[in-house]
Amino acid sequence: MKLRKPNILIMCTSPNLSTGYSIVGNHLWKGLSDEGFDTYYFGLNVFGFQENKWLLPVAVDEGGADILEEYIKTNNIDILITIIDNWQPKYNYIEKVIKQTKIKWICHVTANSTPIPYELFNNIKGADLLIAPSNFVNKEIKRSGLMNVKTIYHGVDTHIFTPVKHKENKPFIFVSVGTNKHLQKNWGSLIRSFKKMCEIYNLEDVRLACVSEPNSPEGFNFIEMIKKYGNDKVILVGIKRNIGMTSEQMTEIYQQSHCLVSASTGESFGLPLIEAMSCGIPVIAPEYTATGELITESSAGFSVCKAYNLVIPLLVDSFLIDENDLIESMYLMYNLYNDKKEGIKSYDEMCKNGRLFAEKNDWKKIIPLWTESINEVFKPTLNYKIEELGV
């Protein structure tokens, strides 16, 4: 007898946005639907009537507290998959809804500091399965005492994010991609380090392209930050908040660049890194949290050491990058591209390694791992009648 597949509800930010959560949620939604699952998407930035019956909007509460249980019941949901910032108080209610509806809960966990905050632990402890997007997150979850966790990397669409055969040699373009929200992307340190590199080594044929929001109520005034810490070689590629750019537009940016660089205070994965690798450019990123893990496994760039730990309001340790090490790593990459350094891995070798790593983590290879996880937690009960079995 063929067992029915469970009905799934993905709870995430809108699939129409270009944020990391939205990219992951959208690919998972499409991938599981293609696998034959009835998959609904509860978009936390989606409002009003939707013609697509599989896309469910929020009601009044922005965290979904007033509508989640109703969606579960009316759509006969068997498994809830959450891809959200679980540490936020607005999601405190989810465990209670899971118990009331008696469904299974697969919780994707984001953690970019150490240890995981108590607020996060408290809001994920009731999940049937925890999904870590990196081994770093997996380790931090287990350190908290929760052992029902497995690692599934985020994927990349290698058919969209592709290398370019011919590229302009000069100027050498470093690109950095991220939100302009709080301190996490550490834009100030990156821009200052780039400026110092240019001054120390008298470089004229380099640029730093920053792909982010020019102004954010939770971030920095990017124009003023560039004026104070940067130089005329720093370029702002402005994007609109919560809109961003399409995958095709981002591919063009990566293809025109020579290296992706990040000075982040911590990441649970790092989608721009694997997107850049897929486009055939090497990466420079911190050795701490998940970015160092990706660079080690891919051999597609350089990892930069930390300067010191920083206690943040959640009372956990975040990290600040060593700017001197960052400067030397960027300068080394610049020289490798221009064949001025010998005896270590070449620029072209890192480009090829990155593309191979991306191909190993294409979304078509990631979705089956999610399917396995779903089958692990969903055990349908079969009730046979004796006469139907012929006994």
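For the structure, check the block above.
Below, the structure is looked at part by part. (Residues numbered from 1 in each chain as written. Predicted model: local features only at pLDDT ≥ 70, side-chain atom pairs only at ≥ 80, totals over all residues. Heavy atoms only, no water.)

Digging into the overall build of the protein
Item 1. On a plain count of helices and strands, the protein comes out with 14 helices and 15 strands.
Item 2. Relative to a compact globule of 391 residues, whose C-alpha radius of gyration would be 21 Å, the protein shows 22 Å and is just as compact.
Item 3. Of the contacts formed within the protein by residues at least 6 apart in sequence, a portion of 67% connects residues at least 24 apart.
Item 4. Of the side chains in the protein, 41 bear a positive and 46 a negative charge, and the two mean positions are spaced by 1 Å. (Helix = DSSP H or I, 4+ residues; strand = E, 2+ residues; numbered from the N terminus. Rg over C-alpha atoms; globule rule 2.2 N^0.38 Å. Contact = heavy atoms within 4.5 Å. Lys, Arg positive; Asp, Glu negative; His and termini not counted. Charge placed at Lys NZ, Arg CZ, Asp CG, Glu CD.)

Notes on the nonpolar core
Item 1. Among the nonpolar cores identified, the biggest contains 53 residues, and I10, L32, I81, I106, Y254 and W370 are the most heavily contacted of them.
Item 2. Tallying contributions element by element places helix α13 (residues 363–377) first for this core, with six residues.
Item 3. Ignoring sequence-local partners within four residues, the contact set of I81 consists of I8, L9, I10, M11, L28, L32, I106, W370 and I374.
Item 4. One finds C198, F222, I226 and F302 within the second-largest nonpolar core, a separate group that totals 36 residues. (Core = buried A, V, L, I, M, F, W, Y, C linked by side-chain atoms within 4.5 Å. Buried < 20%, exposed > 50% of the residue type's maximum accessible area, 1.4 Å probe, protein only.)

Structural notes on the state of the cysteines
Item 1. The tally for this structure, following the rule as stated, stands at zero disulfides.
Item 2. Here C198 stays free of any disulfide, with the sulfur of C210 as its closest cysteine sulfur at 12 Å.
Item 3. Taking the relative accessible area as the measure of exposure, C198 reaches 6% and is therefore buried. (Disulfide = S-S within 2.5 Å.)

Focus: the pattern of salt bridges
Item 1. Here the structure, examined in full by the defined rule, presents 16 salt bridges.
Item 2. With a closest N to O distance of 3.1 Å, R143 and E140 form a salt bridge. One end of the pair is R143 and the other is E140, both in helix α5 (residues 135–143) and three residues apart, which spans about a single turn.
Item 3. When its relative accessible area of 54% is taken as the criterion, R143 is described as exposed. (Salt bridge = Lys/Arg side-chain N within 4 Å of Asp/Glu carboxyl O.)

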